[in-house]
Each structure stands twice: as structure tokens, then as C-alpha cells.
Amino acid sequence: MPTPPRISREVRLAALPDGLPGPEHFEVAETPLPAPGDGQALVRNRFFHVFAALRTLIGGGVNDAPFPPLRPGDTLFGAAVGEVVSAPEGSGLHPGDLVSHWLGWREYAAVDVTGCIPLDGSLPDPAAHLAPGRLAYTALTRDAEVRPGDTVFVSGGGGAVGSMAGQIARLLGAGRVIGSTGSPEKAGRLVSELGYDAAVVRGAGPIGEQLARVAPGGVDVLLDNVGGEQLRAAVAEARPGARFVLVGALSGQLSPHGSGAEAPVELDSYRLILRQVTIRGFGGADGPEGLSRWNERFGGWLRSGDVVFPHVRVRGIENAPRALHEVFHGRHIGTVIVEL
């Protein structure tokens, strides 16, 4: 393995924004190569995930959330796939091993061995380990309990989670799969590429009226990445016994106003009661055994062509702030990845 450089680059928050962050609110800084401490491996990152929830952390975070808020000078973080450069004796990690971890947004990272998940080649593309398909699958099967014939509505259907959820809902036997997105062009791709039967478009008229047209029989399942008007519309179109699972809150995170740390919405309680609608927050992923089972299933779907991994690769850490800006403004479909 080549000798690592003496300098690594990382993306830091440079200043707090007033509204949505732009590239000018970040800096790509040079720092000495991290020196791993006891129980740590040195990892050269190859890919990391660019995700909208960083807006919430930049805005001060949310009480009880698992991640701390970001302050000026802090290095951003998130899911990454990297190659082990060095590891402690007896750790089970060796130079050249691929691992996933949560210290993305930097070229090299000193990562606790306990925070490194070895990758076994179960997926045909290492970058696919950054796909949030496991989240979508767990939300649809465990939390929403999709049943054959269900009408499933996925808000934010073109995002990282939504672009996987539509395909997975189809494989689970959903009778009709509807997504929401931000443009007619994206709506066309949801239908032609990602397993959706129809799409509603933000800004093309009231979401409730659009949803009523494309789901005339009502909605059985909602996988909600957005909240706001789209959650309210799904409640209005809920069938008796509908099951809703809340995964994200893009209506707040991507609002040009406020901090991105809250996403209030007013719902019709009568509708919830009379239709006996169940609403629950996503319960989190299962443990290592669940991850292994998911990778085996996902790898099989990718190789057979039953599922595709929609993603955009942005080359170079110097372009990461621009990539985040594009995520905030909904430019891409699927998972946005920086490749190093």
C-alpha cells in the first residue's frame, strides 16, 4: 500500500448561514494526517454520503437526536466507505480492507475500531453501501407493514431514501406506488426508472388535489420523507387502517426560512381517528445480523437487475460543498456521493 501523505483535507463549517447554507459557508481545510490513538484504525476514505439532514445539525440540532449540532470550525461527518491504512494488532482489520464508518467529509480519518464495519464484497459496487435502501426496506416492512395490493405513497420519492423505497415497495407486492418530487422531469424519471406508477409534483398545484387524482382509492401506506403539506395530503387520502411511517422532515430541513431544526405541520385529528390511521416514527435499523441479511438481499437484487442504485458521484473533496448545495436545492435524483 502506498505511503499516506502527511496532509489530509477535510470539509469544515466556516460560518453559520442565515437560511439555507451555500458553498461559502464551508471551507476545505488542510490538516496534518490523523494519528490514530489506542483502539483506532487509520482509514483512507474513498466515498462519503452528502445528505440533507446536515441542515438540521448546522441549524443547532434537535433535542434527543443521535448527532450533535455543528459549530463553526467543526468538521462535517456522515456515512463513508474507506480503505484501512493501519489498524491495531488483533483488531481483525488489515491494510487494504474496506470498511464503512461515520467519519466522512475528510480524506483520512482515525476511526475507533468499534466504529468500523468490514465490507465483505456482498455488493457489486462498494459505493452502494451508502445507499439508504436498508432504511427504506425496514420502514416499509417492519414499521409500515406493506401488504400485497397496498397503495403506497412515498414523499420525497426522488431523494436518497425515496429512490430506493419506490422500487422496494414494488418488490414487496404493492399494487400502486406513488411518489412526490420537485419537477416534471423528475416525475418522469420516477415512473420510467424507479418503479413508480405515478408522481405528484411540488409546485404544480395543491398536493392534496394531485394525490386524490393519482390515488383515487386512497392511500394504505405512507413513507414520509417530507412532512408538511405532503403529510397533510396523505392524511386526507388515508384509507381505513392506513399505516404511516415518518422517516424525514425535508419540509423543514430544506426551507429557506428558519434553522431547519423543526418541521411543524397541522393535521386533521378527526380524519386520523375516523380512519384509524397509525402514525409512527422510523424505529431505527436493526443490528449487525440485520445488516448482513440486508446486504445479501440488496446484492442479489442489484445483480439480478430487480433494483438499481440511483446515485450521482461528485469527484474530489474540493467539490463537496457544491454537492451539498445541490442536495439542498434538489438538483439530483438518488444518493449523492463524493468520490475521493
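Before reading on, note that the structure itself is shown above.
A brief look at the structure comes next. Because the structure is predicted, anything quoted here is derived from the model rather than measured. Each chain has its residues counted from 1, following the order in which its sequence is written. pLDDT decides what is reported in this predicted model: residues at 70 or higher carry local features, side-chain atom pairs at 80 or more are listed and counted, and totals for whole chains, interfaces and linings draw on all residues regardless. Side-chain calculation: all heavy atoms of the structure are included, whereas hydrogens and water are not.

Re the packing of helix 2 (residues 133–143) against helix 9 (residues 288–304)
Phase 1: Contact geometry for helix 2 and helix 9: axes closest at 10 Å, N-to-C directions at 105°. As judged from the angle between their axes, helix 2 and helix 9 are roughly perpendicular. Across the interface between the two elements, G133, R134 and Y137 from helix 2 touch G290, L291, W294, R297 and W301 from helix 9. To get an axis, a line is fitted to the C-alpha atoms, and for a helix only the part in contact is used. The angle between two axes follows their N-to-C directions and goes from 0 to 180 degrees. Under the scheme used here, helices are H or I runs from DSSP no shorter than 4 residues and strands are E runs no shorter than 2 residues, and both carry numbers assigned from the N terminus. Between 65 and 115 degrees an angle is taken as roughly perpendicular, under 35 as roughly parallel, over 145 as roughly antiparallel, and anywhere else as oblique. Here, two residues are considered to be in contact whenever any of their heavy atoms come within 4.5 Å of each other.

A short note on the side chain of S180
Phase 1: Examined against the element boundaries, S180 turns out to sit in strand 9 (residues 176–181).
Phase 2: Here S180 falls in the buried class, since its relative accessible area comes to 1%.
Phase 3: Among the polar contacts listed, one links the side chain of S180 to the backbone nitrogen of G156, at a separation of 2.8 Å.
Phase 4: Here the side chain of S180 touches Q230 through a polar contact of 2.4 Å, side chain to side chain.
Phase 5: If sequence neighbours within four positions are ignored, S180 has contacts with F153, V154, S155, G156, G157, G158, L190, V200 and Q230. Whether a residue is buried, partly exposed or exposed follows from its accessible area with a 1.4 Å probe, protein chains only, as a fraction of its type maximum: under 20%, in between, or over 50%, in that order. What qualifies as a polar contact is a pair of N or O atoms within 3.5 Å, subject to a donor-acceptor requirement within protein and to the restriction that residues adjacent in sequence count only when both atoms come from side chains.

What about helix 4 (residues 184–193)?
Phase 1: All of the buried residues along helix 4 are K186, A187 and L190. Down the axis of helix 4, the sector holding all buried residues measures 105°, keeping them to one side. Facing away from the buried surface of helix 4 by more than 90 degrees, the exposed residues are P184, E185 and S192.
Phase 2: In this structure, the buried residues of helix 4 make contact with strand 9 and strand 10 (198–201). Starting at the helix axis, one direction is taken to each C-beta atom, and the arc is that of these directions.

Overview of the environment of G182
Phase 1: Structurally, the position occupied by G182 is in the loop between strand 9 and helix 4.
Phase 2: G182 gets classed as partly exposed once you look at its relative accessible area, which sits at 33%.
Phase 3: Spatially, the C-alpha atom of G182 lies 15 Å from that of A249, the residues being 67 residues apart in sequence.
Phase 4: Filtering out sequence-adjacent residues up to four positions away, G182 remains in contact with V201 and R202.

Some thoughts on the packing of aromatic side chains
Phase 1: Each Phe, Tyr or Trp ring (for Trp, its six-membered ring) is paired with any other whose centre lies within 6.5 Å, and the angle between the two planes then decides the class: stacked below 30 degrees, edge-to-face above 60, tilted in between. Counting across every chain of the model gives seven aromatic pairs.
Phase 2: Centre to centre, the rings of F48 and W105 are 4.9 Å apart; their planes meet at 40°, and the pair counts as tilted. Of this pair, F48 sits in strand 3 (residues 40–50) while W105 sits in the loop between strand 5 (98–101) and strand 6 (108–112), placing them 57 residues apart in sequence. One exposure class covers both F48 and W105, and it is buried.
Phase 3: Three or more aromatic residues joined by ring pairs make a cluster, and in this case those are Y137, W294, F298 and W301.

Remarks on unusual backbone geometry
Glycine aside, negative phi is the norm for most residues, and most peptide bonds take the trans geometry.
Phase 1: Positioned with a positive phi, E145 is a non-glycine residue whose angle comes to about 50°.
Phase 2: If you trace the backbone, E145 turns up in the loop between helix 2 and strand 8 (151–155).

Here we look at the packing of helix 5 (residues 207–214) against helix 6 (residues 228–236)
Phase 1: Between helix 5 and helix 6, the shortest axis-to-axis distance is 9 Å and the interhelical angle comes to 45°. With respect to each other, helix 5 and helix 6 are oriented oblique. Handedness of the helix 5/helix 6 crossing: right-handed. The segment helix 5 lies against helix 6, with I207, G208 and L211 engaging E229, Q230, A233 and A234.
Phase 2: Side-chain classes follow a simple rule in which Ala, Val, Leu, Ile, Met, Phe, Trp, Tyr, Cys and Pro form the nonpolar group, Asp, Glu, Lys and Arg form the charged group, and the remainder, Gly included, forms the polar group. Considering only residue class, the contact of helix 5 with helix 6 consists of four nonpolar, two polar and one charged. In this scheme the handedness of a crossing depends on how the near helix is turned from the far one: anticlockwise by less than a right angle means left-handed, clockwise means right-handed.

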